[in-house]
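What the coordinates show
So you can see what is in the structure, the chains are spelled out below.
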Amino acid sequence: MMDSGRRDHVCSQRGPRSLLAQICQWGVGGLFSAAVASASPASPPACQDHNPQSPDVPECPAPGADGRTTLLSENYPAMAVMISDGGGIKQFGLGKIVMGNINRSMGIDAQRDAVDQAWHALESQPDRPPQLILNVEAATLEALRQRIQGIEDPRRRALWMRAITSVPPSRFSWSYPWQQDLLQAYVNPQTGRPVLRALDGYFGGEFDSVTRQLMEAAKNNCAAEIGPSLGGDDLARVNGRAGGNVEGFPGGVCAVGEDHFSYGHYRRFANRACGGNTNLVEVDTQFLGTGHVDELVSIVPRGGAQNPPDPCAFSVVVASPRLGLELVERHPSQPAFSYEREVGDAAMGRRFRELESWKMLCEQMVEADAARGTRGTRTRSQWSRPLLESAQASDFERCARMTNASLMATLRSPGRNFQGSWADFNRALQSIQDRNRDRLVRAIKRRLPQCGEPRVIEVPALFVGRLLPNGQPAQHSAVSLFPGPTNAMLTGGRALVPDPANPAFRAHIQRAYTEAGVQFRFADSFGGHIIGGNLHCMTNVIRYCRPRAGTRAP
């Protein structure tokens with residue numbers, strides 16, 4: 001989920017092309033490659049084992065007012081998963097190589113991370129795996145195949161190999177990171193099968209072609225339908241019009257974030273995405289730099305896969321800046337930044353150098369230390385110079401070793417947020433999140449009254465951004481300090497959750513999810529965090545459901 005400025009810059013370099021021009025550029029072979037699975041004709045794709053009519057499949061929710069726009073929440077089973085290994089890689093040619101070197105210096109391994117996501121999807125539905133539609137480099141594809149070849153059980157090994165479909169990057173593009181933003185997966189309420197609707201108007205050039213290739217792969221392997229685009233000439237190319245900003249919640253609730261839209265565009269897009277106002281919940285995302293719903297709210301299944309399916313086995317997850325501040329203050333001696341997987345001082349220092357929000361925090365900490373006279377071996381005048389100009393690797397490594405007490409002192413200092421501290425900024429965001437939570441919970445209760453009061457799990461979050469003189473956050477100014485737990489990947493009743501990079505945050509999530517019966521594990525997803533998104537943004541899970549009584553196709 002790249003911010004709108006970066007996206008517009010990338011798209012402007014390539015420029016929009018007509019469908020005919022794209023076909024001419026890619027050629028028949030380029031378009032055909034999307035439909036080619038690794039399995040032979042004698043070995044059908046694994047997703048063909050998924051039967052929407054099976055009694056162990058959850059029933060479809062009621063469609064939108066148009067009678068056909070049905071959006072599934074993330075407690076439905078996965079038929080296919082689109083995965084990219086493009087984390088942190090944003091350039092062509094030599095620039096791509098340079099970016100790869102920077103990634104390695106930060107401990108980012110995009111190949112390892114993509115294989116880890118694919119393995120999670122296979123393990124979470126081991127006997128009926130989703131089809132892995134992989135927009136990855138050849139080396140990543142081979143690494144996954146080699147890992148599957150190491151499985152001792154020949155039946156499972158063959159089944160998981162059938163679950164691989166490759167949509168390789170072409171010579172015109174890299175592996176595009178934001179699989180979630182390219183298209184939105186709905187279902188046909190008469191068949192329960194996926195219906196894919198592109199957001200192709202949002203992207204220009206090769207992104208449209210990548211979208212079409214991914215959809216063709218799902219169509220040819222999994223019998224997914226291709227529905228009408230969610231874009232249109234009447235809508236500007238804006239950040240909010242992306243798949244990560246259209247999210248399904250239990251009961252058929254459809255949430256769309258109110259961000260990056262000009263007047264009137266939000267209503268037209270939201271109605272198109274949700275099939276009218278019947279299912280729509282408006283989520284206030286206007287304060288976010290990347291203004292998407294999946295940065296703020298999500299759900300997690302409780303108790304793993306249910307048989308028979310339980311429509312009430314879910315919890316609503318809400319990012320909470322208030323909880324983030326409380327945990328930092330409650331555990332002052334703990335490290336502020338530390339991953340479950342060891343990263344190392346040099347790599348952590350490089351992460352502080354490269355990630356904008358961490359770099360801003362480091363500058364703020366240095367200036368606050370200088371004001372208190374705790375500047376270490378450097379002089380006050382040296383510390384007061386802009387860190388971007390004068391800092392060395394050791395300065396960033398020092399920031400990477402800050403404690404929660406130092407982090408809290410930095411968040412409270414007024415230095416760079418002229419209308420108030422970053423602690424004030426997070427308290428203002430909490431008021432918005434309280435309203436978002438209440439809207440969402442009320443909508444789910446209306447659609448699923450039999451489930452009673454939905455369980456809400458608050459997960460810690462902290463942001464840096466700018467307050468206005470009226471005490472409200474400036475639009476599009478908030479940048480997440482830590483990888484957001486709501487931006488997770490869910491398959492088979494299990495969650496792959498971004499490691500929040502703070503031990504106190506991690507322990508709280510571990511305790512809250514365990515108490516709620518959520519099956520999960522953490523993953524170092526800094527490769528997505530540094531370019532403005534996370535695991536949910538970099539994957540796209542295609543789900544299915546059992547048709548409701550009276551809506552089955554003849």
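Throughout what follows, the structure given in this document is the object of discussion. (Residues numbered from 1 in each chain as written. Predicted model: local features only at pLDDT ≥ 70, side-chain atom pairs only at ≥ 80, totals over all residues. Heavy atoms only, no water.)

With mixed pairing, the three strands of this open sheet are ordered in space as S15-S16-S17. The open sheet has two edge strands, strand S15 (489-491) and strand S17 (519-523), and neither has a second partner. Each adjacent strand pair in this sheet contributes to an overall mean axis angle of 20°, direction not counted. The pairing of strand S16 (residues 494-498) with S17 spans five bridges and is classified as parallel. Looking across to S17, one finds that Ala495 is bridged to Phe520. Strands in contact with helix H18 (residues 503-515) are S16 and S17; relative to S17, the strand with the most contacts, it is inclined by about 165°. (Pairing = 2+ DSSP bridges. Helix = DSSP H or I, 4+ residues; strand = E, 2+ residues; numbered from the N terminus. Axes fitted to C-alpha atoms, helices over the stretch in contact; angles between N-to-C directions. Contact = heavy atoms within 4.5 Å.)

So, on to the state of the cysteines. A covalent bond between the sulfur atoms of two cysteines is what we call a disulfide. Within this structure, the stated rule accounts for five disulfides. The partner cysteine of Cys60 in its disulfide is Cys545, sulfur to sulfur 2.0 Å. The sign of the S-S torsion, about 90°, decides the handedness of the disulfide formed by Cys60 and Cys545: right-handed. Residue Cys60 is found in the loop between helix H2 (19-33) and strand S1 (78-84), and its partner Cys545 is found in the segment after strand S18 (539-543); the two are separated by 485 residues along the sequence. A relative accessible area of 1% means that Cys60 is categorised as buried. Taking relative accessible area as the criterion, Cys545 reaches 0% and is therefore assigned buried. Sulfur-sulfur distance for the disulfide between Cys362 and Cys399 comes to 1.9 Å. Measuring handedness by torsion sign, the sulfur bridge of Cys362 and Cys399 sits at about 75° and is right-handed. One end of the pair, Cys362, is in helix H12 (residues 356-372); the other, Cys399, is in helix H15 (residues 393-400), and 37 residues separate them in sequence. The exposure class assigned to Cys399 is buried, which follows from its relative accessible area of 0%. (Disulfide = S-S within 2.5 Å. Buried < 20%, exposed > 50% of the residue type's maximum accessible area, 1.4 Å probe, protein only.)

A few words now on the pairing of S16. For a regular strand, side-chain orientation follows a simple rule: the groups alternate between the two sheet faces. Judged by how many residues are buried, S16 sits mostly within the fold: four of five residues are covered. Where S15 meets S16, three bridges bridge the pair, whose relative direction is antiparallel. Its bridge partner being in S16, Thr491 is matched across the sheet by Arg494. Between the antiparallel neighbours S15 and S16 lie two residues, among them Gly492 with a positive phi of about 60°. Taken together, S16, H18 and S17 constitute a β-α-β crossover, and its handedness is right-handed. (Right-handed = clockwise from strand over helix to strand, strands pointing away.)

Another point: the packing of helix H10 (residues 321-330) against helix H16 (residues 404-412). Here H10 crosses H16 at 130°, and the two axes come no closer than 8 Å. As far as their axial angle goes, H16 and H10 are oblique. Our pair here, H10 against H16, has a crossing hand that is left-handed. Contact with H10, carried on its side by Leu325, Leu327, Val328 and Glu329, involves Asn404, Leu407, Met408, Leu411 and Arg412 of H16 and no other residues of that element. Residues that form the contact of H10 with H16 fall into these classes: six nonpolar, one polar and two charged. (Parallel < 35°, antiparallel > 145°, perpendicular 65-115°, else oblique. Left-handed = near helix turned anticlockwise from the far one by under 90°. Nonpolar A, V, L, I, M, F, W, Y, C, P; charged D, E, K, R; others polar.)

So, about the nonpolar core. Counting residues in hydrophobic clusters, the biggest one holds 62 residues, and the most contacted among them are Leu196, Phe337, Phe352, Trp358, Met402 and Leu407. Here this core takes six residues from helix H8 (residues 206-222), the largest share from any one element. Val283, Phe287, Val316 and Phe425 belong to the second-largest nonpolar core, a separate cluster that totals 27 residues. (Core = buried A, V, L, I, M, F, W, Y, C linked by side-chain atoms within 4.5 Å.)

Each strand in a sheet pairs with another by means of backbone hydrogen bonds, the pair being arranged parallel or else antiparallel. With respect to topology, three strands assemble into an open sheet ordered S7-S8-S9, the strand pairing being mixed. If you trace the sheet from one side to the other, it starts and ends with strand S7 (246-249) and strand S9 (280-283), each paired once. Across the sheet, the mean angle from the axis of one strand to that of its neighbour is 30°, orientation sign disregarded. One ladder, built from four bridges, connects strand S8 (residues 253-257) with S9; its direction is parallel. The partner of Gly257 across the bridge, within S9, is Val283.

This paragraph deals with the pattern of salt bridges. A side chain with one charge can pair with a side chain of the opposite charge if their charged atoms come near. Under the counting rule described, the total for this entry stands at 20 salt bridges. The salt bridge partner of Arg162 is Asp49, with a shortest N-O separation of 3.2 Å. Of the two residues, Arg162 is situated in helix H6 (residues 154-162) and Asp49 in the loop between H2 and S1; the sequence distance between them amounts to 113 residues. A salt bridge links Asp127 to Arg156, with the shortest nitrogen-to-oxygen separation between them at 2.8 Å. One end of the pair, Asp127, is in the loop between helix H4 (110-124) and strand S2 (131-135); the other, Arg156, is in helix H6, and 29 residues separate them in sequence. (Salt bridge = Lys/Arg side-chain N within 4 Å of Asp/Glu carboxyl O.)

Before going further, it helps to spend a moment on the side chain of Gln179. Following the sequence through the fold, Gln179 ends up in helix H7 (residues 179-182). Residues in contact with Gln179, not counting those within four places in the same chain, are Met82, Ile83, Ser84, Asn135, Leu214, Cys537, Met538, Thr539 and Asn540.

Along helix H9 (residues 265-274), the residues that are buried comprise His265, Tyr266, Phe269, Ala270, Ala273 and Cys274. Summarising the axial view, the buried residues of H9 lie within an arc of 130°, below the 170-degree limit, and thus occupy one face. Its buried side turned inward, H9 meets strand S4 (183-187), S7, S8 and S9. A positive phi of about 75° marks Gly275, the residue just after H9. (Arc of directions from axis to C-beta.)

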